[in-house]
Amino acid sequence: MHRFNRIISKLCFFAVLCCVTEPAHTQHFLPPSDTYRPNRLKKVVITEVAVGTAVSIGLYYLWYKKFPRSRFHLFNDNREWLQMDKIGHAATAYNIGVLQYDMMRWCGVKKNDAIVIGAATALGGLTVIEILDGFSTHWGFSRGDMLANLVGTAIFASQQRWWDEQRVTMKFSAHFSPYAQYHGGELGKSWASRILKDYNGQSYWLSFNIRSFLPASSSFPNWPAFALGYGADGMIGGHENPDSIKGNLVPHFERTRRFMLSPDADLFRVRSIAPVDAATYLLKPFKFPAPTLEINSKGKVRFYGWYH
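Below is a short write-up of the structure. (Residues numbered from 1 in each chain as written. Predicted model: local features only at pLDDT ≥ 70, side-chain atom pairs only at ≥ 80, totals over all residues. Heavy atoms only, no water.)

**Let's talk about the nonpolar core**
Short version of the rule: Residues belong to one nonpolar core when they are buried, are Ala, Val, Leu, Ile, Met, Phe, Trp, Tyr or Cys, and are joined through side-chain atoms within 4.5 Å. Each residue is placed in one exposure class: buried if its accessible area under a 1.4 Å probe, protein chains only, is under 20% of its type's maximum, exposed if it is over 50%, and partly exposed if it falls in between. Elements are defined by DSSP. Helices are runs of H or I of four residues or more, strands are runs of E of two residues or more, and each kind is numbered from the N terminus. Residues count as neighbours in contact if any of their non-hydrogen atoms are within 4.5 Å of one another.
Counting 35 residues, the largest nonpolar core has Met84, Met104, Phe156 and Met235 as the members making the most contacts within it. Among the elements of the structure, helix H2 (38–64), helix H3 (84–106), helix H4 (111–134), helix H5 (143–162), strand E1 (168–174) and strand E3 (224–233) are those that each provide at least two residues to this core. Among the elements that line this core, the one with the most residues is H3, at 8 residues. In this structure, methionine 104 is in contact with Leu41, Val44, Val109, Ala114 and Ile117, ignoring residues within four places of it in sequence. Core analysis: the next-biggest nonpolar cluster, separate from the first, contains 5 residues, Trp205, Ala227, Tyr304 and Tyr307 among them.

Written out as structure tokens, the structure is:
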């Protein structure tokens, strides 16, 4: 009964949020500039170089350090992890493109040029990672990953070009699954590596902003959305689950695909004071926790009162 009451209270909380209308006032974080701002652009470039360097170092220690280098080679991993990694590549490319576009517009770069720069940044950054994979004995250059990168970039660029906005966004959510304990080397041991490596705990979403598909005269709030999600469960290895790891028996788990439907919130569309606007902008790539309906590849249906 206590759990039921918690679920009901969370449903009521979300229902109240959905009744909120957009405040009248408002300053947008990273507002586009009609005037070219070279000083802003210089700061953006310096910041991106610093962040890119830090991310590269982090990836080296999380992914590459313990595996020896090799000659450049290709690697077909299209059937691994029930394609969760491919969707992750698409979502990453999409969100890099969106972020870079917004920063370029903030610097006063023209729309079409900003789209090209956003797309080039997304593809360029992820191609560097693929090249690093190509020189690793544990992985290789994956054409499937590159196709996923192209798809995510195209979802960003096509919407920005045709609609001048992102009506359908790619989002991410994660929780810690119980499977990392059986294969920490593959699924991660630290909290950071588990978020990156354990696909059992990841979910990817296509979030559809409702207002953007309605007539301009509509008074429907700007921020409510609904999301279609994909996840997977029961995966200890890439292609299949091993019976044992280093002599330790591994329980049998069924590898299943998960398809989800959930309400979502695009809170950045609600204009507010600058600090809140900045925070909601940084949260744009993440799915808002909400009640969720799931059906998996085994035909089983499950309802979550509060899924994240």
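The rest of the description comes next.
**Focus on the packing of H3 against H4**
To be explicit about the condition: Each axis is a line fitted through C-alpha atoms, and for a helix only the stretch in contact is used; angles between axes span 0 to 180 degrees, taken between their N-to-C directions. Each angle gets one of four labels, with under 35 degrees taken as roughly parallel, over 145 as roughly antiparallel, 65 to 115 as roughly perpendicular, and the rest as oblique. Note: crossing handedness is left-handed where the near helix turns anticlockwise from the far helix by less than a right angle, and right-handed where it turns clockwise. As a working rule, the residues Ala, Val, Leu, Ile, Met, Phe, Trp, Tyr, Cys and Pro are called nonpolar, Asp, Glu, Lys and Arg charged, and the rest polar, with Gly in that last group.
Between H3 and H4, whose axes approach to 8 Å, the crossing angle comes to 140°. Here H3 is positioned oblique relative to H4, judged by the angle of their axes. As for how H3 packs across H4, the hand of that crossing is right-handed. Contacts from His89, Thr92, Ala93, Ile96, Gly97, Gln100, Tyr101, Met104 and Arg105 in H3 reach Lys111, Ala114, Ile115, Ile117, Gly118, Thr121, Ala122, Leu126 and Glu130 in H4. Its residues placed into classes, the contact of H3 with H4 shows 9 nonpolar, 6 polar and 3 charged.

**Remarks on the sheet that holds strand E6 (residues 256–265)**
Put simply, the rule is: Here, a strand pair is defined by DSSP locating no fewer than two bridges between the strands.
Here we have 6 strands laid out as an open sheet, ordered E1-E2-E3-E6-E7-E8, and antiparallel in their pairing. The open sheet is flanked by E1 and strand E8 (301–307), the only strands paired with a single partner. Geometrically, the sheet is characterised by an average inter-axis angle of 25° between neighbouring strands, direction not taken into account. With 7 bridges joining them, E1 and strand E2 (residues 202–209) adopt antiparallel strand pairing. From the neighbouring strand, methionine 170 faces E2, where its bridge partner is leucine 206.

**Structural notes on the packing of aromatic side chains**
This is how it is decided: Classification of ring pairs uses Phe, Tyr and Trp, with its six-membered ring standing for Trp, and accepts pairs whose centres are within 6.5 Å; under 30 degrees between planes counts as stacked, over 60 as edge-to-face, and the remaining range as tilted.
For the coordinates displayed, the defined rule picks out 15 aromatic pairs. The interplanar angle of 50° and the centroid separation of 5.7 Å between the aromatic rings of phenylalanine 72 and phenylalanine 141 together place this pair among those described as tilted. Of this pair, phenylalanine 72 sits in the loop between H2 and H3 while phenylalanine 141 sits in the loop between H4 and H5, and the two are 69 residues apart along the sequence. Both rings, one in tryptophan 81 and one in tyrosine 199, keep their centres 5.5 Å apart while their planes meet at 45°; by these two values the pair is tilted. Of this pair, tryptophan 81 sits in the loop between H2 and H3 while tyrosine 199 sits in the loop between helix H7 (191–197) and E2, placing them 118 residues apart in sequence.

**Let's talk about the pairing of strand E7 (residues 290–296)**
Of all 7 residues that make up E7, 5 are buried, and the element is covered over most of its length. Sheet topology places E6 next to E7; 4 bridges connect them, and they run antiparallel. Within E7, the position partnered with arginine 258 by the bridge is asparagine 296. Looking at chain direction, E7 and E8 are connected through 5 bridges and run antiparallel. If you follow threonine 292 over to E8, its bridge partner there is tyrosine 304. Following E7, the chain reverses through 4 residues before pairing antiparallel with E8; glycine 299 in that reversal takes a positive phi of roughly 85°.

**Here we look at H4**
Note the threshold: A helix is expected to span 1.5 Å for every residue after the first.
With 24 residues, H4 extends 34 Å between its outermost C-alpha atoms, agreeing within 8% with the 34 Å of an ideal straight helix rising 1.5 Å per residue. Residues of H4 that are buried include every one of Ala114, Ile115, Gly118, Ala119, Ala122, Leu126, Glu130, Asp133 and Gly134, and no others. Contacts from the buried residues of H4 go to H2, H3 and H5.

**Some words on the pattern of salt bridges**
The condition that has to hold: Whenever Lys or Arg places a side-chain nitrogen within 4 Å of a carboxyl oxygen from Asp or Glu, that contact is recorded as a salt bridge.
Evaluation of the coordinates by the stated rule reveals 11 salt bridges. For the salt bridge of aspartate 85 with lysine 86, the shortest nitrogen-to-oxygen distance reads 2.8 Å. Judged by its relative accessible area of 6%, aspartate 85 falls in the buried class. Taking the relative accessible area as the measure of exposure, lysine 86 reaches 10% and is therefore buried. Lysine 86 is the salt-bridge partner of aspartate 145, the closest N and O atoms lying 2.9 Å from each other. Note that aspartate 145 is positioned in helix H5 and lysine 86 in helix H3, a separation of 59 residues in sequence. Across the pair, exposure class does not vary: aspartate 145 and lysine 86 are buried alike. One continuous salt-bridge network, built from bridges that share partners, spans Asp77, Asp85, Lys86 and Asp145.

**Examining the side chain of glutamine 202**
Going by this rule: Here a polar contact is taken to be a pair of N or O atoms separated by no more than 3.5 Å, where protein atoms must pair a possible hydrogen donor with a possible acceptor and residues adjacent in sequence count only if both atoms sit in side chains.
Summarising the element assignment, glutamine 202 is placed in strand E2. By relative accessible area, which is 2% here, glutamine 202 ends up buried. A polar atom in the side chain of glutamine 202 sits 2.8 Å from the backbone oxygen of isoleucine 195. A polar atom in the side chain of glutamine 202 sits 3.2 Å from the backbone oxygen of leucine 196. Excluding its chain neighbours within four sequence positions, the residues that come into contact with glutamine 202 are Met84, Phe172, Ser173, Ala174, Ile195, Leu196, Lys197, Tyr230 and Gly231.

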